[in-house]
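Each chain, written out:
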Amino acid sequence: MGFLLDCCHGRFVVEKNSLKVTTPDDLKGTYECAIGNFGIPQYGGTMVGFVAYPKANRKACKSFDDFDISYKAKPGAFPTFLLVDRGDCYFTKKAWNAQNAGAAAILVADDKDEPLITMDTPEESGRADYLENITIPSALITKSFGDRLKKAIDNGDMINVNLDWREALPHPDERVEYEFWTNNNDECGPKCDGQIDFVKSFKGAAQVLEKKGYTQFTPHYITWYCPEAFILSKQCKSQCINHDRYCAPDPEQDFSKGYDGKDVVVQNLRQVCVFKVAKEHKKPWLWWDYVTDFAIRCPMKEKKYMKECADEVVKSLGLDHKAIDKCIGDPDADEENPVLKTEQDTQIGKDSRGDVTILPTLVINNRQYRGKLDKGAVLKALSVCLSEDIQTNECLENNGGCWQDKAANITACKDTFRGRVCECPVVKGVKFVGDGYTHCEASGSGRCEINNGGCWKDTRDGRTYSACTDDGCKCPDGFKGDGKHKCEDIDECKERTACQCKECKCKNTWGSYECCCSGGLLYMKEHDTCIIILEAQSKNGATETGWGFLWVILFGVVAAGVARYAVYKYRIRIRAIMAQYMPLDNQGDVQSHSHHIEM
């Protein structure tokens, strides 16, 4: 974070479940173990297996394949609960290696005598891609219990155990009450990515359960306050609002670039107010739509993480942005913000819940959920299941806040079992592209066949012009505009783009123009000029006279050519006759011959 942020002091309650040993007799009994904050606990159920302790790789920090060890259960055999030692690598690494070796669950024995702790995922520098793929449940057991299990295994005893998650969370009554504690920030790496992925996948189920009255959901946001000694520091000013009362870490962990922690706090506050206003209008489930849509439409990476973008999302969902702004109040005021003050107070643990210190945290019936944020696992923890008969169509109201072309009866709203999604459709083989929220546009060949591709089109006096092309919307020649909403006629005469020669007379028409020449001249459009023709003897016969004159000229040229050819042929004939009686200039060197006649 760059500096210390204080929060209210309280207590952290470790969520536990029962591990019951059925054999051997000297170990029979029920023991406590702490549920890991990864993997998928079998809430509401039990799992039976036997405990194995490896002879090598006992801390499970390396792949068991390297030691040619496998715990894959044969058909009909008990699954293996792998017991490993704490130390040398992350808890998640141990679980991943155990899972790959075929273990059904992992028990980590503490290496010191201390109260049980919650095994959490590592900080960002130690995170790996496999974290999201850990599915086996995990639990931490005390050192003394672990030592007893190892001793029994060394003696050759088979240890049968029963992992019981039925008491891990209170049994819900007719309505489950649960909270989701988070911190709105999309630049904190894999943990933030996993958090928004969970919201997207769980949204549909959450909305259905809320609408049908099976659950009561409340979102919460963790904020800190700045220590008094640092109130005037640059760090506090960039990370806090309301004069250092409510703070959040810098998103990029770099105070010199990007967004500040105070931007995150304001968005946290906005999301709480979105929930409050939606709840007042008896539509609390709209919070899921807002959070999902904001993450998609207003990400930090695209520099859209701001109020203007948030207001567009609010507007698309039909919420009252003025009521939300009133709820937010003035972030620069030197006074308590009642909404954030309540959030800070609620953060402190009460009864069986304990303080909320891990982000994100799911609290179900006042007990903290432990395990991977996975739709199936969370539904199991809520002790509810979904069926088709409680589905609802989110697109029926306000078109789900998605893009819609009413004229063409086309919408980007799709109702799915994970909630409505705004995705541009494919209609009659034509793909629409866009964000799905504010715009979708047909693309490629055939796009003009569907609502003219969403482009401008108009007809006047029997003439139709369209701006639709295969590449997009472009006003045709003779028009100007964006091609989508309008194309205006260009007045070529007024803008002096055509018919500008000295003798030209211009008349504008819709989409084109007409040009004529004065003085009997002929207009050549491709050259934008007038050419000379024979002056008409009468107004009605001007064109005919002009063409007649041209024919006269053409006839004269042909006659002259024929006369020259005749003269040429005549000269050739005379030359041939003269050549018979006298030598020509080019015959000077030819020898003369005498003819002798014998008598």
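- The name recorded for the protein in an unreviewed UniProt entry is EGF-like calcium-binding domain-containing protein, from Panicum virgatum.
- Checking UniProt for the protein, the heading Sequence similarities (unreviewed entry) contains the comment "Belongs to the VSR (BP-80) family."

## Focus: the packing of aromatic side chains
Two aromatic rings are characterised by how far apart their centres lie and by the angle between their planes.
Okay, so step 1: Evaluated as defined, the whole model comprises 19 aromatic pairs.
Okay, so step 2: For the ring pair Tyr178 and Phe217, a centre distance of 5.1 Å and an interplane angle of 50 degrees mean the geometry is tilted. Note that Tyr178 is positioned in strand S8 (residues 176-182) and Phe217 in strand S9 (residues 215-221), a separation of 39 residues in sequence. Like Phe217, Tyr178 is buried.
Okay, so step 3: For the ring pair Trp456 and Phe479, a centre distance of 5.3 Å and an interplane angle of 50 degrees mean the geometry is tilted. Placement of the pair is Trp456 in the loop between strand S20 (440-443) and strand S21 (457-460) and Phe479 in strand S25 (residues 479-480), with a sequence separation of 23 residues.
Okay, so step 4: Here a set of aromatic residues connected by ring pairs shows up, and it is made of Tyr178, Phe180, Phe198, Phe202, Phe217, Phe275, Trp287 and Trp288.

## Some details on the sheet that holds strand S18 (residues 426-427)
Okay, so step 1: Pairing within the open sheet is antiparallel, and its three strands lie in the order S18-S19-S20. Each of the sheet's edge strands pairs with one partner strand only, and the pair in question is S18 and S20.
Okay, so step 2: For strand S19 (residues 430-434) and S20, the ladder comprises four bridges, and the chain directions are antiparallel. Its bridge partner being in S20, Gly434 is matched across the sheet by Cys440.

## Some remarks on unusual backbone geometry
With the exception of glycine, the majority of residues adopt a negative phi angle, and the majority of peptide bonds are in the trans configuration.
Okay, so step 1: A cis amide bond, omega 0 degrees, links Thr23 with the succeeding residue Pro24.
Okay, so step 2: Along the polypeptide, Pro24 turns up in the loop between strand S1 (16-23) and strand S2 (29-35).
Okay, so step 3: The backbone of Asn365 shows a phi angle near 50 degrees, a positive value even though the residue is not glycine.
Okay, so step 4: Looking at the secondary structure, you find Asn365 in the loop between strand S12 (361-364) and strand S13 (367-368).
Okay, so step 5: A residue is classified by how much of its surface remains accessible, and Asn365, at 18% relative accessible area, is buried.

## Structural notes on the pairing of S21
Okay, so step 1: Note that S21 and strand S22 (residues 463-466) share four bridges and pair antiparallel. Paired with Thr459 across the strands is Thr464, a residue of S22.
Okay, so step 2: Connecting the antiparallel pair S21 and S22 is a turn made up of two residues, with Asp461 showing a positive phi of about 50 degrees.

## A look at the packing of helix H3 (residues 190-211) against helix H6 (residues 286-297)
Okay, so step 1: Interaxial distance between H3 and H6 falls to 9 Å at its minimum, and their mutual angle equals 150 degrees. When the interaxial angle is binned, H3 and H6 end up roughly antiparallel. At the point where H3 passes H6, the crossing takes the left-handed sense. Along the contact surface, H3 presents Ile196, Val199, Lys200, Phe202, Lys203, Ala206 and Gln207, while H6 presents Trp288, Asp289, Val291, Thr292, Ala295 and Ile296.
Okay, so step 2: Of the residues in the contact of H3 with H6, the class split is eight nonpolar, two polar and three charged.

## Observations concerning helix H8 (residues 321-328)
Okay, so step 1: Among the residues making up H8, those that are buried are Ile324, Cys327 and Ile328. Angularly, the buried residues of H8 cover 100 degrees about the axis, an arc narrow enough to put them on a single face. Exposed and facing more than 90 degrees away from the buried side of H8 are Lys322 and Lys326.
Okay, so step 2: Residues of H8 that are buried sit in contact with helix H5 (261-280), helix H7 (307-316) and helix H9 (338-347).

## As for the pattern of salt bridges
Okay, so step 1: Counted according to the given criterion, the structure contains 19 salt bridges.
Okay, so step 2: Asp311 is paired through a salt bridge with Lys307; the nearest N and O atoms lie 2.6 Å apart. Of the two residues, Asp311 and Lys307 both sit in helix H7, four residues apart, roughly one turn of that helix.
Okay, so step 3: Given a relative accessible area of 36%, Lys307 falls into the partly exposed group.
Okay, so step 4: One salt bridge in this structure joins Glu495 and Lys480, with 3.1 Å as the shortest N-O distance. Placement of Glu495 in the loop between strand S26 (488-489) and strand S27 (504-509) and of Lys480 in strand S25 is noted, with a sequence separation of 15 residues between them.
Okay, so step 5: Looking at Glu495, the relative accessible area reads 39%, which means it is partly exposed.
Okay, so step 6: What makes Lys480 partly exposed here is its relative accessible area of 41%.
Okay, so step 7: Several salt bridges converge on common partners, so that one network encompasses Arg270, Lys307, Asp311 and Asp325.

Calculation criteria
- Residues numbered from 1 in each chain as written.
- Predicted model: local features only at pLDDT ≥ 70, side-chain atom pairs only at ≥ 80, totals over all residues.
- Heavy atoms only, no water.
- UniProt positions renumbered as here; feature names shortened; annotations may be inferred.
- Phe/Tyr/Trp six-rings, centres within 6.5 Å; stacked < 30°, edge-to-face > 60°.
- Helix = DSSP H or I, 4+ residues; strand = E, 2+ residues; numbered from the N terminus.
- Buried < 20%, exposed > 50% of the residue type's maximum accessible area, 1.4 Å probe, protein only.
- Pairing = 2+ DSSP bridges.
- Axes fitted to C-alpha atoms, helices over the stretch in contact; angles between N-to-C directions.
- Parallel < 35°, antiparallel > 145°, perpendicular 65-115°, else oblique.
- Left-handed = near helix turned anticlockwise from the far one by under 90°.
- Contact = heavy atoms within 4.5 Å.
- Nonpolar A, V, L, I, M, F, W, Y, C, P; charged D, E, K, R; others polar.
- Arc of directions from axis to C-beta.
- Salt bridge = Lys/Arg side-chain N within 4 Å of Asp/Glu carboxyl O.

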